[in-house]
Amino acid sequence: MTERLEDIAVAMVASGKGILAADESSGTIKKRFDTINLTSTEETRRDYREMLFRSEEAMKNYISGVILYDETIRQKAKDGTPLTDLIRNAGAIAGIKVDAGAKPLAGFPGETITEGLDGLRERLNEYYGLGARFAKWRAVIAIANGVPTWGAIKQNAQALARYAALCQEANIVPIVEPEVLMDGNPGDHSIDTCYQVTEWVLKTVFAELYDARVKLEGMVLKPNMVIDGKNARKASVEEVAEKTVRCLKSTVPAAVPGIAFLSGGQSDEEATAHLSAMNAGYDLPWNLTFSYGRALQAAALKAWGGKPENVAAGQRAFTHRARMNSLAATGTWNKELEKAA
Ligand code: 5MM
C-alpha cells in the first residue's frame with residue numbers, strides 16, 4: 001500500500017525530531033572536506049555519510065529524515081548494506097535533492113534561477129523506486145543593491161511550485177526551500193530588510209503553490225530564519241524568534257504540517273537557540289523544527305577529520321548536536337546543556 005503524503009509529511013516534522021540535510025552536491029562537499037584536508041572521493045564521501053547514518057542514538061531519537069544526494073542514494077556501506085537501509089533501519093525516512101542547482105538567471109544580473117525541471121517526472125519515479133519518500137528543491141534569493149527583483153522571485157516561485165506538483169504526483173512529499181541568503185555580497189542588510197524580503201518571497205511562493213494545485217497538507221516548508229545579514233549587527237535571540245514567527249504566521253497557511261528551518265551559516269549554537277526560543281515562546285499552528293546541514297554536521301566533520309579511528313568521536317559530536325536541536329524543537333534547550341556536554 002502506498003503511504004499517504006500527509007502521513008509522511010507529519011512524520012517528517014514529528015515532535016522532537018528534525019531532518020538531516022546531507023545533500024551536499026559534489027562541489028559543496030569538496031569545500032567541506034577541504035576544511036579538514038581530506039580529498040573528496042566516492043569512498044571518502046561514503047565513509048563520512050556512513051558514519052553519520054550509523055549514529056544510532058541520533059538517528060533513532062532525533063532525526064526523522066535524511067536528504068540525500070543522487071550519488072548517496074545509490075551508495076552502499078562498506079559491508080554492502082545500502083545507505084538507504086541504514087536510514088530506514090533507524091526508523092528515519094530517506095529523501096532526495098532533485099534540483100540541479102542555482103544558475104545565473106538570464107536578464108537578471110546578480111540573481112539566480114534553480115534548474116532541474118526537465119525530466120523531473122521520470123527522475124522522481126526512479127527515486128521512489130530507490131526508496132525516497134520526500135524530495136527537496138532549493139531556490140536562492142540574494143539581498144543586494146536593487147536585488148531581489150520581482151521577476152526573479154516570481155520565476156523561482158513558479159519553479160518551486162512546478163517541482164512540488166510533480167513530487168505529489170509521484171507520491172513524494174516536496175520540501176519547498178526558498179532560501180533568502182544571510183551572506184552574499186555585501187551581506188550587511190538588516191533583519192528588517194530580511195523580514196520584508198522573506199515575507200515577499202513566501203507570499204509569492206504560496207500563491208504559486210495554490211495556482212499549481214499543490215496540496216499544502218502534503219508538503220514541508222524549509223525557509224530561512226528572519227535574521228541580520230552575516231556582516232551586519234547581530235539581533236538578539238528574542239528578536240530573531242519574534243520576527244521569524246511573525247513573518248511566518250503572516251505568510252504560511254496553517255494547513256502546512258510543518259516548517260523545518262535551514263541554518264544558512266548561523267553558528268551551531270545560534271541555530272539551536274533561535275529554534276528553541278520560537279518553540280518555547282509562541283503558540284504555533286505548525287510544527288517548527290530543523291533541517292540543518294552545516295549546523296548539524298560541522299562539529300562532527302571536525303571531530304572525524306577523515307580518520308577511521310575518529311568515527312566514534314564524530315558520531316558523538318553529531319549525536320550531541322542532534323540532541324540539542326531535538327530539545328530546541330520542543331522549546332526545552334538551554335545554554336547550560338551545551339556547557340554540561
Ligand atoms: C546541504 O546543503 C544543501 C545544498 O547543497 P548544494 O549547495 O551543494 O546544492 C542545502 O540546500 C541545504 O540542504 C540547506 O541550505 C540547509 O543547509 P544549511 O547548511 O543552510 O543548514
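Throughout this document, residue positions are counted from 1 along each chain, in the order its sequence is written. Confidence filtering applies because this is a predicted model: local features only for residues at pLDDT of at least 70, side-chain atom pairs given and counted only at 80 or more, and all residues used for totals across whole chains, interfaces and linings. The side-chain values count all of the structure's non-hydrogen atoms but skip hydrogen atoms and water molecules.

**Q** Where do I start with the nonpolar core in this structure?
**A** Nonpolar side chains tend to gather and get buried jointly when the protein is soluble and globular. The nonpolar core is taken to be a set of buried Ala, Val, Leu, Ile, Met, Phe, Trp, Tyr and Cys residues, with the residues joined through side-chain atoms within 4.5 Å. Burial classification: accessible surface area is computed with a 1.4 Å probe over protein chains only, and a residue below 20% of its type maximum counts as buried, one above 50% as exposed, and the rest as partly exposed. Counting 97 residues, the largest nonpolar core has F53 and Y163 as its most contacted members. By the convention used here, residues are in contact when the closest approach between their heavy atoms is within 4.5 Å. Among residues more than four places away in sequence, those in contact with Y163 are V98, L117, L120, A135, K136, W137, P174, I175 and V176. A9, M12, V220 and A260 belong to the second-largest nonpolar core, a separate cluster that totals 14 residues.

**Q** Any chance you could explain helix 10 (residues 237-249) here in plain terms?
**A** Since the α-helix packs 3.6 residues into each turn, any two residues three or four apart lie on the same face. Strands are runs of DSSP state E lasting at least 2 residues, helices are runs of H or I lasting at least 4, and numbering of each runs from the N terminus. Take the number of residues in a helix, subtract one, and multiply by 1.5 Å to get its expected span. With 13 residues, helix 10 extends 18 Å between its outermost C-alpha atoms, agreeing within 8% with the 18 Å of an ideal straight helix rising 1.5 Å per residue. Every buried residue of helix 10 is listed here: E239, V240, A241, K243, T244, V245, C247 and L248. Elements that come into contact with the buried residues of helix 10 comprise helix 9 (191-211), strand 8 (220-221), strand 9 (258-261), helix 11 (268-281) and strand 10 (287-292).

**Q** Hey, could you run me through the site of the ligand in this one?
**A** Definition of nearness: a residue and a molecule or strand are near each other if at least one heavy atom of the residue lies within 4 Å of the molecule or strand. Surrounding the ligand, one finds 18 residues, the nearest of these being S25, T28, K136, S263 and R294. Pairs of N or O atoms within 3.5 Å make up the polar contacts considered here, provided that, within protein, one atom can donate a hydrogen while the other can accept it, and that residues adjacent in sequence are counted only when both atoms are side-chain atoms. Within the contact set of the ligand, an oxygen atom lies 3.1 Å away from a side-chain nitrogen or oxygen of K222. Those elements that provide at least two residues to the shell around the ligand are strand 6 (134-141), strand 7 (173-180) and strand 10. Tallied by class, residues from the shell around the ligand come to 3 nonpolar, 6 polar and 9 charged. Think of it as three bins: nonpolar holds Ala, Val, Leu, Ile, Met, Phe, Trp, Tyr, Cys and Pro, charged holds Asp, Glu, Lys and Arg, and polar takes everything else, Gly as well.

**Q** Whenever I open this one, the packing of aromatic side chains confuses me. Can you help?
**A** Aromatic pairing here means that ring centres of Phe, Tyr or Trp (its six-membered ring) are within 6.5 Å. Orientation follows from the plane angle: under 30 degrees is stacked, over 60 is edge-to-face, and everything else is tilted. Under the counting rule described, the total for this entry stands at 5 aromatic pairs. Their ring planes at 40° and their centres at 5.8 Å tell us that F290 and Y292 sit as a pair that is tilted. Like F290, the residue Y292 is buried in the burial classification. We note R133 situated over the ring of Y128; from NZ or CZ to the ring centre the distance is 3.7 Å. Any Lys NZ or Arg CZ that is within 6 Å of a ring centre and within 35 degrees of that ring's normal is treated as a charge sitting over the ring.

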